[in-house]
Amino acid sequence: MTQLGVVGGGTMGAGIAEVAARAGDQVLILERDQETADAARARIAASLARGVKRGKLSEEDADAALARLTTTTTVDDFSDRELVIEALPEIENLKVSFFADLDRVTPKETILATNTSSIPIIRVSKEVADPSRVVGVHFFNPVPVMPLVEIISSLATAPEAAAKVTDYVRDNLGKKPIQAGDRGGFVVNALLIPYLVSAIRMYESGYASKEDIDTGMVNGCAHPQGPLALCDTVGLDIVLDVSESLYDEFRESHYAPPPLLRRMVDAGYLGRKSGRGFYDYAK
């Protein structure tokens, strides 16, 4: 598969598109209007420039990757794509509606993938006439750096589709795929989110300072980053969305988002991307 469509050019979509373009694929990014499409392309160009500055790739390779990227504002342009990866926000109705559009415009041989981090794949594919061609392909942020990709098969996913996507992310993109069952959170977030929300509860209760919580996990458990700093890196809005999705799936208290997390998202304190989360990044 060398003709890739990416739905959404935000942080995750832009990262997926960049990695694929660097691997030699022809990548078409769909955005809602030309302004956001131009912003997605600029985001990728800036990331490629950082890679050149750090010696990760040559200027010629960066230019070639950027030349393989095009943008569109109409889903009908995906009619020639072999694989489409959706990277929209974690809103189930939005994803379901968009997969119905993809089902309408893409050939039946096209594999439709969702980059959801927590929504069961079978629910995303419920408006697709043939859900056997729908598979979960969960990348991790930042996509150019993080090697892991979770491949999730629903009860309806064809084994051939899952195998083809697994081969693609391993052989074409150089990632490390793992297989996960179709339940909320899959492998990583099902384990990670209870840890993160537990750290937020500990800080919220006044039991320990944010600095001591993070220092304890870095120096006591050899984690590269403490849980509250990690929340800021992931984005508190993303942590909240995944936490709510997991709680909706399992109804177990250790998945429930703490009030402090909700209030910080309400206040716009989303972490690094907003300049403020548990820590201040304005400087």
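Numbers given for residues are sequential positions, taken from 1 along each chain in its written order. This being a predicted model, a pLDDT of at least 70 is required before a residue's local features are given, and a value of 80 or more before pairs of side-chain atoms are given or counted; all residues contribute to the totals for chains, interfaces and linings. Values shown for side chains rest on all heavy atoms present in the structure; no hydrogens or waters enter the calculation.

Caption draft 1: Seen up close, the packing of helix α9 (residues 227–234) against helix α10 (residues 236–250). Remark: α9 packs on α10, axes separated minimally by 6 Å, with the N-to-C direction vectors making an angle of 95 degrees. For the element pair α9 / α10, the angle class is roughly perpendicular. For the pair α9 and α10, the contacting residues are Cys231, Asp232 and Val234 in the first and Leu236, Ile238 and Val239 in the second. Of the residues belonging to the contact of α9 with α10, the class tally is five nonpolar, no polar and one charged. Axis angles are defined between N-to-C directions and span 0 to 180 degrees, where every axis is a line fitted to C-alpha atoms and, for a helix, only to the segment in contact. Starting at the N terminus, helices and strands are each numbered in turn, a helix being any DSSP run of H or I of at least four residues and a strand any DSSP run of E of at least two. Working definition: roughly parallel below 35 degrees, roughly antiparallel above 145 degrees, roughly perpendicular at 65 to 115 degrees, and oblique for all remaining angles. Any pair of residues with heavy atoms lying within 4.5 Å of one another is described as a contacting pair. Side-chain classes are defined by residue name, with Ala, Val, Leu, Ile, Met, Phe, Trp, Tyr, Cys and Pro counting as nonpolar, Asp, Glu, Lys and Arg as charged, and the others, Gly among them, as polar.

Caption draft 2: Local environment of the UniProt feature "site: Important for catalytic activity" (unreviewed entry) in the chain. UniProt positions are given in the numbering used here, feature names are shortened, and annotations may be inferred rather than shown by experiment. Here, the residues flagged by UniProt with the feature "site: Important for catalytic activity" (unreviewed entry) are His138. On the secondary structure map, His138 appears in strand β6 (residues 134–139). By relative accessible area, His138 is classed as buried at 4%. Any residue under 20% of the maximum accessible area for its type is buried, any over 50% is exposed, and the rest in between are partly exposed; the area is computed with a 1.4 Å probe on protein chains only.

Caption draft 3: The UniProt feature "domain: 3-hydroxyacyl-CoA dehydrogenase NAD binding" (unreviewed entry) in the chain, seen in detail. The positions that UniProt labels "domain: 3-hydroxyacyl-CoA dehydrogenase NAD binding" (unreviewed entry) are, in the present scheme, residues 4–182. Here residues 4–182 runs as 41% helix and 21% strand, with 24 Å between its end C-alpha atoms.

Caption draft 4: Structural detail: the sheet that holds strand β2 (residues 26–30). Spatially, the eight strands line up as an open sheet ordered β3-β2-β1-β4-β5-β6-β7-β8, and their pairing is mixed. Each edge of the sheet is formed by a strand with only one pairing partner; in this case those strands are β3 (69–72) and β8 (176–180). The average angle at which neighbouring strand axes cross in this sheet is 25 degrees, direction not considered. Only strands that DSSP links by at least two bridges are regarded as paired with each other.

Caption draft 5: Up close: the pairing of β8. Across five bridges, the pairing between strand β7 (residues 148–152) and β8 is parallel. Within β8, the residue paired with Leu148 across the bridge is Lys176. You can see the chain leave β7, run along helix α6 (residues 159–172) and come back into β8, and the turn it takes is right-handed. Looking down the strands as they point away from you, a crossover is right-handed if its path from the first strand over the helix to the second goes clockwise.

Caption draft 6: View of unusual backbone geometry. The omega torsion of the bond from Asn141 to Pro142 falls at -5 degrees, within 30 degrees of zero and hence cis. The phi dihedral of Phe186 is positive, around 55 degrees, even though this residue is not glycine. Residue position: Phe186 is located in the loop between β8 and α7 (188–204). Phi angles above zero are rare outside glycine, and Arg251 is one such case at about 55 degrees.

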